[in-house]
Amino acid sequence: MVEIKNCPSTLAKGYSIYSPTATRRLFDGHRVNPILDFEYDSDTAAPLIARSIARISLSGAQEKLSAILENGRIILTPEGRHGNYILKPVPSDKSLRYRSMMPANEHLTMQIARQVYNIPTAENGLIFFADGQPAYITKRFDVGKDGSRIKQEDFASIIGRTEDNAGKDFKYKGSYGDVATKIRELLPAWQVEMAYFFRLLVFNYLYANGDAHLKNFSVQQTPEGDYMLTPAYDLINSHLHIEDTDFALSDGLLPQNEWCETYVRTGHPCVTDFRFFGKKIGLNDKQIEKVIALFSEYQPDVAQLTEQSFLDDRMKRMYMRSYEERLQRFLRE
């Protein structure tokens, strides 16, 4: 049986159940047992997504299960009903390195984004099947309080990139500049949203999320009828599990003819590339430097959250080494 010493959502010390803060945010105040009363069988649980056969990626290898909260219990969504939660169990794909740690990796990365860098994120935590196997749990943010669906669209759809016109790897084509162009065109408060987008891209780079493709960025309709970027989701240090590149998109931040000398020479971007990208997408110097300053400093809270996470000791060391190496790489000019 799994031993829980810290909150399985906020990672606050000394909780064998979800903390009051987690209960309020993740479960709308309902007390939920972090141990499910059923086990996971990948052959019968009907994953909601198909595997990708075109590119090795985490998004193509992770099963997702729809779930609801009913009578204080998380259960798989019955047929004919809409789910309010998504569960990601340990993937069945044995080619993934340290796959048993993937739920804890995603959970930690999401908590770091929110707690250390103030990035809006989908509510999330860990939950455990009856046999002790972990699953990442996230609350859907496209469901209103009345149960209605909130209109939402990802950037593959917004840009118009599909398998028919761009091949099986369609969500990995292009650059983050393409996303920025659409943000500027479509979102009324585009400068505010662009600053958030920029912060998220720097975060993904420092925390080795090489699977931040076009479908992992979305806009959502507000009650006023306009659109804004959704909270961040699917944040994970993908490099610990697969051999991937610095960026999910084929052209990276921008096409190669706009890379700085360090990027061309080393094959990895540095702070100069991010400053140039910030200018290119319409941010002013103050906005850019605020983000650069935030990510240029070593953050002790990252080490604290990592230590309190549900990663095993080896993965904790690997996670911190990855962060420290990326930080050094980022600061080269």
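Residues numbered from 1 in each chain as written. Predicted model: local features only at pLDDT ≥ 70, side-chain atom pairs only at ≥ 80, totals over all residues. Heavy atoms only, no water.

Q: What exactly am I supposed to notice about helix 2 (residues 102-117) here?
A: The periodicity of an α-helix, 3.6 residues per turn, causes residues three or four positions apart to be oriented the same way. The end-to-end C-alpha separation of helix 2 is 21 Å, in line with the 22 Å expected for 16 residues at 1.5 Å each. Counted residue by residue, helix 2 has 14 buried out of 16 residues, so it is predominantly covered. In the stretch just after helix 2, Asn118 is the one whose phi turns positive, near 55°. (Helix = DSSP H or I, 4+ residues; strand = E, 2+ residues; numbered from the N terminus. Expected span 1.5 Å × (residues − 1). Buried < 20%, exposed > 50% of the residue type's maximum accessible area, 1.4 Å probe, protein only.)

Q: I keep staring at the packing of aromatic side chains and nothing clicks. Help me out?
A: Geometrically, a pair of aromatic rings is defined through the distance of the ring centres and the angle of the planes. Counted under the stated rule, the structure contains 21 aromatic pairs. Where Phe203 meets Tyr207, the ring centres are 4.6 Å apart and the plane angle is 20°; that geometry is what we call stacked. Across the pair, exposure class does not vary: Phe203 and Tyr207 are buried alike. Ring centres of Phe247 and Phe274 lie 6.3 Å apart, and the angle between their planes is 55°; on these two criteria the pair is classed as tilted. Here Phe247, found in the loop between strand 8 (227-229) and helix 7 (261-266), pairs with Phe274, found in helix 8 (residues 271-280); they are 27 residues apart in sequence, far enough to count as distant. Judged by relative accessible area, Phe247 falls into the buried class, the value being 6%. One aromatic cluster is present, formed by Tyr117, Phe203, Tyr207, Phe295, Tyr298, Tyr319 and Tyr323 through successive ring pairs. Arg326 extends its terminal NZ or CZ atom over the ring of Tyr205, reaching a point 5.0 Å from the ring centre. (Phe/Tyr/Trp six-rings, centres within 6.5 Å; stacked < 30°, edge-to-face > 60°. Lys NZ or Arg CZ within 6 Å of the ring centre and 35° of its normal.)

Q: So what exactly am I meant to see when it comes to the nonpolar core here?
A: Nonpolar side chains tend toward joint burial in soluble globular proteins. If you look at the biggest cluster of nonpolar residues, it comprises 77 residues, and the most contacted ones within it are Ile112, Tyr117, Tyr176, Phe197 and Phe198. Per-element tally for this core: the top contributor is helix 6 (residues 190-206), with twelve residues. Not counting residues within four places of it along the chain, the set of residues in contact with Tyr176 comprises Phe197, Leu201, Ala212, Phe217, Phe247, Ala248, Leu249, Gly252, Leu253 and Phe277. Of all hydrophobic cores here, the second largest spans 18 residues; its members include Tyr18, Phe38, Ile74 and Ile137. (Core = buried A, V, L, I, M, F, W, Y, C linked by side-chain atoms within 4.5 Å. Contact = heavy atoms within 4.5 Å.)

Q: What exactly am I supposed to notice about the layout of surface pockets here?
A: Leftover empty space is mapped by rolling, across the atoms, a probe with the size of a water molecule. Counted as a void, the second largest pocket has a volume near 750 Å³. Lining the second largest pocket are 27 residues, with Asp28, Lys139, Arg140, Val143 and Gly144 sitting closest to its centre. Sort the elements by how many residues they give to the lining of the second largest pocket and strand 1 (residues 65-70) lands first, with three residues. Its residues assigned to classes, the lining of the second largest pocket comprises nine nonpolar, eight polar and ten charged. (1 Å grid on protein atoms, 1.4 Å probe; cavity = no way out; pocket = protein on both sides within 12 Å on 5 of 7 lines; lining within 4 Å. Points joined across faces, edges and corners; volume = space filled by probe spheres on them. Nonpolar A, V, L, I, M, F, W, Y, C, P; charged D, E, K, R; others polar.)

Q: Just to check I follow, could you spell out the sheet that holds strand 6 (residues 152-154) for this structure?
A: What links the strands of a sheet is backbone hydrogen bonding, and the strands pair in either a parallel or an antiparallel sense. Strand order in the open sheet made by the three strands is 6-7-8, with antiparallel pairing throughout. The sheet terminates laterally at strand 6 and strand 8, the two strands that pair on one side only. The average undirected angle you get between the axes of adjacent strands in this sheet is 25°. Here three bridges tie strand 6 to strand 7 (residues 218-221), and the two strands are oriented antiparallel to one another. The residue of strand 7 that forms the bridge with Asp154 is Ser218. (Pairing = 2+ DSSP bridges. Axes fitted to C-alpha atoms, helices over the stretch in contact; angles between N-to-C directions.)

Q: I tried to follow the side chain of Thr77 on my own but got confused; where do I start?
A: Tracing the sequence through the fold places Thr77 in the loop between strand 2 (73-76) and strand 3 (85-89). Residue class for Thr77 comes out buried when judged on its relative accessible area of 18%. For Thr77, the side chain forms a polar contact with the side chain of Ser66, separated by 2.7 Å. One polar contact links the side chain of Thr77 to the main-chain amide nitrogen of Ala67, over a distance of 3.0 Å. Thr77 has contacts with Ser66, Ala67, Ile68, His82 and Gly83, leaving out every residue within four places of it along the chain. (Polar contact = N/O pair within 3.5 Å; in protein donor to acceptor, adjacent residues only side chain to side chain.)

Q: Where do I start with the sheet that holds strand 1 in this structure?
A: One open sheet accounts for five strands, arranged 2-1-3-5-4; its pairing is antiparallel. Either end of the sheet is taken by a strand with one partner, and the two such strands are strand 2 and strand 4 (124-128). Across the sheet, the mean angle separating the axes of adjacent strands is 35° when strand polarity is ignored. The pairing of strand 1 with strand 2 spans four bridges and is antiparallel. If you follow Ala67 over to strand 2, its bridge partner there is Leu76. Contacts from helix 1 (residues 20-27) reach strand 1, strand 2, strand 3, strand 4 and strand 5 (134-139), with the element oriented near 60° to strand 5. Strands in contact with helix 2 are strand 3, strand 4 and strand 5; relative to strand 4, the strand with the most contacts, it is inclined by about 155°.

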